[in-house]
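# Observations on chain architecture
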Amino acid sequence: MHKRAFGAVAVTGVAALLMSGCGGSSTPAAGKTSSTTATATTPAASPTTTGAPVRDANAELVIWADNDRAPILQKYADQFGQENKVKVVVQVATDVRQQFKDATKVGKGPDVIVGAHDWLGELVQNATVAPINLSADVSSKFAPSAIAATKFNGQTYGVPYAVENIGLVRNTALAPEAPKTMEDLVSKGQALVKAGKATNILIQEVGKTGNAYYTYPYLKAFDGGIFATKANGDYDATKVIVNSAGSLKGAAELQKLGALKALSTNVSGDNADALFDAGKAPFYITGPWAIDKAKKAGIKYAISPLPSIGGGQMQPFLGVQMFYVSAKAKNAALAEEFVTNYVPRKDVQEALFAAGNRPPALTEAYNEVSASNPDVKAWFEAGKGGQAMPNIPAMNSVWGPLGQAAADVIAGKAQPKARFDAAQKEIVANIAKG
């Protein structure tokens, strides 16, 4: 999810995020280390952990990350601990954002967290993250727009390590060619369902409460969206455009796809991967995070840009994954040292690429990975034309109302205009409440 004076940086695609930096070669992704020296790290918490981690009171540096990234960070946390002769702990947080905010309020939070750039505005507003000093030399190693996504009100609050966007993944055994339009996609999908070769035309997370992240490309196809932008490209929280003429055209397309059973509220984050990986659908609108499971399932796949719809080009949000330093860090200098000197390393960025296949934010690492991995270039192409996800606090007022409006329209429970008018009203009221 995904940013300027408010943090809202208009980005013109992963292309802009990645292609303006430098090149180079690198080291293969590193594996885990088993070091258990007194100055090294504590192993990440069990993947089955569901509650908030409890900070190790004896650690000088504590890092919270999700279950995918924590094991990879282990090696580098070990190295950092040994080099600086301090105890470093990497812990799994099942809900990094919320658990970090809750723990920091009572002085028990971590020193560093790993998360999405669209958290930035809220975290700054809540005074839970601190600005960092990233040298111009280090910043220049990243594409300018990736660095811009880490800024809020002109200050830098972290170091990026990956960029992401959604695209169209297809099962090439069912759909050898990528559809250029949604209409073509539906036609091909319907034919496969009729022939008994598939059960679903298209997989996309909707669920009973909807998903605004996946809704946005339909609205953007007709110059709709969530917030209007200012002359400088920043998102304008005072101008919500969820019920603009363009957004309503997108909502009407969602209604059509629901009626055709191409989209369904019965498909959610709980079963989307499983449906596609079972070979039951030719098409899947998703991101790099879904690829590992598809590979393990033996699905032969290809990645392409989202199709056009109703004559408009669907465009995804662009996101940046980054490392933040807590405003209440036990040792702020140590935390900043790790974030500004370890995270920009090529081997670290390439290792994190292995945790979800998100293209590295460091240009040198991106060039290395994309040279040997066609998926990286495919995601790059799928992100062209996309805009950075808003990181302004007002975005928190959007997710629920917009997602639910889309779900209701897809399910045939409401007409697009009336439902999106209501969502607009709810979002504006929520923003006004603060």
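Quick look at the structure, then. Note that the coordinates shown come from a computational prediction; the quantities given were computed from them, not determined experimentally.

## Observations concerning the environment of lysine 108
- Mapped onto the fold, lysine 108 is located in the loop between α3 (96–105) and β4 (112–116).
- On the basis of relative accessibility, which here comes to 56%, the residue lysine 108 falls in the exposed class.
- Sequence-wise, lysine 108 and aspartate 56 are 52 residues apart; in three dimensions their C-alpha atoms are separated by 9.1 Å.
- Beyond its immediate sequence surroundings of up to four residues, lysine 108 is in contact with Arg55, Trp64 and Ala103.

## Details of helix α14 (residues 363–372)
- Taken together, the buried positions of α14 are Thr363, Ala365, Tyr366, Val369 and Ser370. Each buried residue of α14 lies within a common arc of 150° when the element is viewed along its axis, so the set occupies one face. Facing away from the buried side of α14 by more than 90 degrees, the exposed set consists of Ala371 and Ser372.

## Considerations on the side chain of threonine 340
- Mapped onto the elements, threonine 340 comes out in helix α12 (residues 332–341).
- Judged by relative accessible area, which is 10%, threonine 340 ranks as buried.
- A distance of 2.7 Å separates the side chain of threonine 340 from the backbone oxygen of glutamate 336, its partner in a polar contact.
- With residues up to four places along the chain from it excluded, the contact list for threonine 340 reads Ile132, Asn133, Leu134, Val138 and Val159.

## A closer look at the packing of helix α9 (residues 245–259) against helix α16 (residues 399–410)
- Between α9 and α16, the shortest axis-to-axis distance is 7 Å and the interhelical angle comes to 45°. Between α9 and α16, the angle is such that the two are oblique. Of α16, the residues touching α9 (which contributes Ala251, Leu254, Gln255 and Gly258) are Ala406, Val409 and Ile410.

## Observations concerning the pattern of salt bridges
- This structure, assessed with the given rule, holds 14 salt bridges.
- Among the salt bridges present, the one from glutamate 122 reaches lysine 101, with a minimum N-O distance of 2.5 Å. With a gap of 21 residues between them, glutamate 122 in helix α4 (residues 120–125) and lysine 101 in helix α3 connect regions that are remote in the sequence. This pair shows no difference in class: glutamate 122 is buried, exactly as lysine 101 is.
- The salt bridge partner of glutamate 253 is lysine 256, with a shortest N-O separation of 3.4 Å. Taken together, the residues span about one helical turn, with glutamate 253 and lysine 256 both in helix α9 at a distance of three residues.
- For glutamate 253, a relative accessible area of 11% translates into the label buried.
- Within this structure, Arg97, Lys101 and Glu122 form a network of salt bridges that share partners.

## Remarks on the nonpolar core
- Grouped together as the largest cluster of nonpolar side chains are 50 residues, with contacts concentrated most on Met182, Leu202, Tyr218, Phe227, Ile285, Leu402 and Phe420.
- Going through the elements one at a time, α7 (182–194), α8 (212–220), β11 (235–240), α9, β12 (283–286), α16 and α17 (416–433) are the ones with two or more residues in this core.
- Here this core gets seven residues from one element, more than from any other, and that element is α16.
- Those residues within four positions of phenylalanine 227 in sequence are excluded, and the remaining contacts are Tyr235, Asp236, Ala237, Lys239, Val240, Ile241, Pro390, Ile392, Ala394, Met395, Val398 and Ile431.
- Grouped together as the second largest cluster of nonpolar side chains are 43 residues, Val86, Val114, Ala149 and Phe338 included.

## A short note on unusual backbone geometry
- Unlike most non-glycine residues, lysine 85 shows phi in positive territory, near 55°.
- You will see that asparagine 153, though not glycine, has its phi angle at about 50°, which is positive.
- Tracing the chain through its elements places asparagine 153 in the loop between β5 (151–152) and β6 (155–156).
- The class of asparagine 153 is exposed, set by a relative accessible area of 51%.

## Let's talk about the packing of helix α2 (residues 70–84) against helix α13 (residues 346–353)
- The N-to-C vectors of α2 and α13 enclose an angle of 160°; their axes lie 9 Å apart at closest approach. Classified by the angle their axes make, α2 and α13 are roughly antiparallel. The way α2 lies across α13 gives a crossing that is right-handed. For the pair α2 and α13, the contacting residues are Ile72, Leu73 and Tyr76 in the first and Asp347, Val348, Ala351 and Leu352 in the second.
- Across the contact of α2 with α13, the residue classes tally to six nonpolar, no polar and one charged.

## Let's talk about the sheet that holds strand β8 (residues 167–171)
- Spatially, the four strands line up as an open sheet ordered β9-β12-β8-β13, and their pairing is mixed. The open sheet has two free edges, formed respectively by β9 (202–203) and β13 (301–304), since each of these has just one partner strand.
- Sheet topology note: the β8/β12 ladder contains four bridges and is antiparallel. Paired with arginine 170 across the strands is phenylalanine 283, a residue of β12.

## Overview of the pairing of strand β16 (residues 317–325)
- Among the nine residues in β16, nine count as buried, and that is most of the element.
- Because side chains alternate across β16, one face comprises the buried residues Phe317, Gly319, Gln321, Phe323 and Val325, and the other comprises Leu318, Val320, Met322 and Tyr324, equally buried.
- Pairing of strand β7 (residues 158–164) with β16 involves six bridges; the strand directions are antiparallel. Residue pairing across strands places alanine 162 opposite glutamine 321, the latter belonging to β16.

The rules behind the values
- Residues numbered from 1 in each chain as written.
- Predicted model: local features only at pLDDT ≥ 70, side-chain atom pairs only at ≥ 80, totals over all residues.
- Heavy atoms only, no water.
- Helix = DSSP H or I, 4+ residues; strand = E, 2+ residues; numbered from the N terminus.
- Buried < 20%, exposed > 50% of the residue type's maximum accessible area, 1.4 Å probe, protein only.
- Contact = heavy atoms within 4.5 Å.
- Arc of directions from axis to C-beta.
- Polar contact = N/O pair within 3.5 Å; in protein donor to acceptor, adjacent residues only side chain to side chain.
- Axes fitted to C-alpha atoms, helices over the stretch in contact; angles between N-to-C directions.
- Parallel < 35°, antiparallel > 145°, perpendicular 65-115°, else oblique.
- Salt bridge = Lys/Arg side-chain N within 4 Å of Asp/Glu carboxyl O.
- Core = buried A, V, L, I, M, F, W, Y, C linked by side-chain atoms within 4.5 Å.
- Left-handed = near helix turned anticlockwise from the far one by under 90°.
- Nonpolar A, V, L, I, M, F, W, Y, C, P; charged D, E, K, R; others polar.
- Pairing = 2+ DSSP bridges.

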